Amino acid sequence: MRTLIQAFRTKELRNKILFVFGIIIIYRIGSFIPTPGVDYKVVRECLTTVSSASENFVGLVNLFSGGAMLQLSIFALGVMPYITASIVIQLLRVVIPRFEALHKEGQSGEAKLTQYTRYLTIGLAVLQSTTILVTARSGALFNYQCSQVIPDGSVWNLIVMVLIMTGGTGLIMWMAELVTDKGIGQGMSVLIFMSICSGFLPQLWQIGWGSNGTDGDWTKFGIVSGVLLVILIFVDFVELSQRRIPVQYTRRMIGRKMYGGSSTYLPLKINMSGVIPPIFASSILAIPTLIAQFGSSSAGWVTWINNNLANTTSVWYISLYALMIVFFCFFYTSITFNPDETADNMKRYGGFIPGIRAGSATSRYLNYVMNRLNTVGAVYLLFVALIPTVLIMALNLNSRLPFGGTTILIIAGVGLDTLRQAKAQTEQFQYAGFLFSHDEDEDSKSKKAKKSKKSDDDKSSESK
């Protein structure tokens, strides 16, 4: 709170914060503008009968779009195509040597990868918008519980709707980059944070108030709020935790100057994979559910999928969800952190870990430390991801829980990162103001000294 107050006192930071608020308002307004060709009255009736709180693929996309997907608005896809494209480009670095070379080139290479990410985002937006419109037209998007939400099912009308949704995704991507360049925080993360919070408080209030003020349970509301607060504190504590590996740099003579000889550390987070494992796990487990919607409801395999994989509280779903989280925790960390590359960079600049030889021994030591951290991180992700399921089963909430494991990780992670950047910029402007005022004091002192010297000269000339 003190950081925000200090930020608003500084004109430059205040303008940045107001700019971010303006982008958020535009983003939220676009989430309620229906796509031309959609019967909005039918869509509003469908939303009252279909629950979207589950963390399957449809619920996940709807979560990241702030509820815009099930409303079939112009921002229905939200930031999901950009997130998917970013993850795919990161994974392709292992397969395509060209992408790995661009990553090592520095800023110019990252700019090229960002351009590839934009192109892939538009392609995925076309694919996802087509899928959403086709499933909405057939009724599968709303579990066949609603009437026709798209009255005109002609090819030309669907093409126009796909173009409008794809254009909305491009506009969101542009606004997110504006927030990153001219605002505070990472643009996509801020938009995801606001999308989640837009439906978070109403769903939380619905547990205590109910639909009409009579069918709620304030005891369950208090339990859920208390558990949520404890989990957020625990997530913040773990996300800020680090395993600091000491690194010593030897002294080197370059020309006539001596460099190095300093001591520092290599910070390794406990959860280096972030929110990626729960997203991957829930998305993969939702694929059989989407396929089963196009099959016959009387078929045996459709019944098994609906009873086991579509139900987030079943034993099969919980077991597969936990196994996939552990797998993707180790898999994604092995892609983003390369012990061999880190050891080579340390050796190139004369750095070493005390007690560990430089080179392959350092790489093996880093790999050993990362495996231990990944084990703790996987247990931590399992705890955070499965707590909502345990609450649903214990309190019999019928999947009306307003938060899931992915939701908690995103809220805590984005909030911490944005506050960290705001604090850094606040300190930067405070130091700049201090230096500016110090220079002003020096200038005023020099001017006063010149005036006093001039007056003394005038007095001496008069006396002469």
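1. Quick look at the overall build of the protein
Helices and strands together make up the secondary structure of the protein, namely 16 helices and five strands. By element, 62% of the accessible surface of the protein is carried by carbon and sulfur atoms, the whole surface being about 25200 Å².

2. A short note on the sheet that holds strand β1 (residues 242–249)
Reading across from one edge, β4-β1-β5 is the order of the three strands in this open sheet, with antiparallel pairing throughout. The strands lining the two open edges of the sheet, one partner per strand, are β4 (263–269) and β5 (351–352). Here β1 runs beside β5; their pairing, made up of two bridges, is antiparallel. In the sheet register, Tyr249 faces β5, and the bridge partner there is Gly351. Of the strands in this sheet, β1 and β4 are in contact with helix α15 (residues 360–395), which crosses β1 at around 165°.

3. Structural notes on the nonpolar core
Counting residues in hydrophobic clusters, the biggest one holds 65 residues, and the most contacted among them are Val235 and Leu268. With 12 residues, the top contributor of residues to this core is α15. Ignoring any residue separated from it by four or fewer positions in sequence, one finds Val235 in contact with Tyr380, Val384, Ile408, Leu409 and Ala412.

4. A few points about the pattern of salt bridges
Taken as a whole and judged by the stated rule, the model has three salt bridges. Residues Glu239 and Lys269 are paired through a salt bridge, measuring 3.5 Å at the closest nitrogen-oxygen approach. A residue pair is termed long-range when its members are at least 10 positions apart, and Glu239 in helix α10 (residues 218–239) and Lys269 in strand β4 qualify at 30 residues.

5. Topic: the side chain of Thr117
Residue position: Thr117 is located in helix α7 (residues 107–138). Look at Thr117 and you get buried, because its relative accessible area is 6%. If near-sequence neighbours (up to four positions away) are discounted, Thr117 is found in contact with Tyr82, Ala85, Ser86 and Ile89.

6. Description of the environment of Thr84
Topologically, Thr84 is positioned in helix α5 (residues 80–95). The exposure class of Thr84 is partly exposed, given its relative accessible area of 25%. Dropping the residues within four chain positions of it, Thr84 is found in contact with Leu124 and Gln128.

7. Observations concerning the packing of aromatic side chains
The tally for this structure, following the rule as stated, stands at nine aromatic pairs. Connected via pairs of aromatic rings, a cluster forms that spans Phe280, Phe327, Phe328 and Phe331.

8. Topic: the environment of Arg28
Counting through the fold element by element, Arg28 comes out in helix α2 (residues 11–30). Of the residues examined, Arg28 reaches a relative accessible area of 16% and is grouped as buried. Separated by 40 residues in sequence, Arg28 and Ala68 place their C-alpha atoms 9.0 Å apart.

9. Considering the confidence of the model for the protein
A residue-level look at the protein finds 81% of positions with pLDDT of 70 or above and a mean pLDDT of 78. Within the protein, no element has a lower average pLDDT than helix α16 (residues 405–463), which sits at 62, and none a higher one than helix α8 (residues 155–182), at 90. Of the regions scoring below 50 in pLDDT, residues 432–440 engages in zero contacts with residues more than four places distant in sequence or in other chains.

The rules behind these values
Residues numbered from 1 in each chain as written. Predicted model: local features only at pLDDT ≥ 70, side-chain atom pairs only at ≥ 80, totals over all residues. Heavy atoms only, no water. Helix = DSSP H or I, 4+ residues; strand = E, 2+ residues; numbered from the N terminus. Areas by Shrake-Rupley, 256 points an atom, 1.4 Å probe, with all protein chains shown as cover. Pairing = 2+ DSSP bridges. Contact = heavy atoms within 4.5 Å. Axes fitted to C-alpha atoms, helices over the stretch in contact; angles between N-to-C directions. Core = buried A, V, L, I, M, F, W, Y, C linked by side-chain atoms within 4.5 Å. Buried < 20%, exposed > 50% of the residue type's maximum accessible area, 1.4 Å probe, protein only. Salt bridge = Lys/Arg side-chain N within 4 Å of Asp/Glu carboxyl O. Phe/Tyr/Trp six-rings, centres within 6.5 Å; stacked < 30°, edge-to-face > 60°. pLDDT = per-residue confidence, 0-100.

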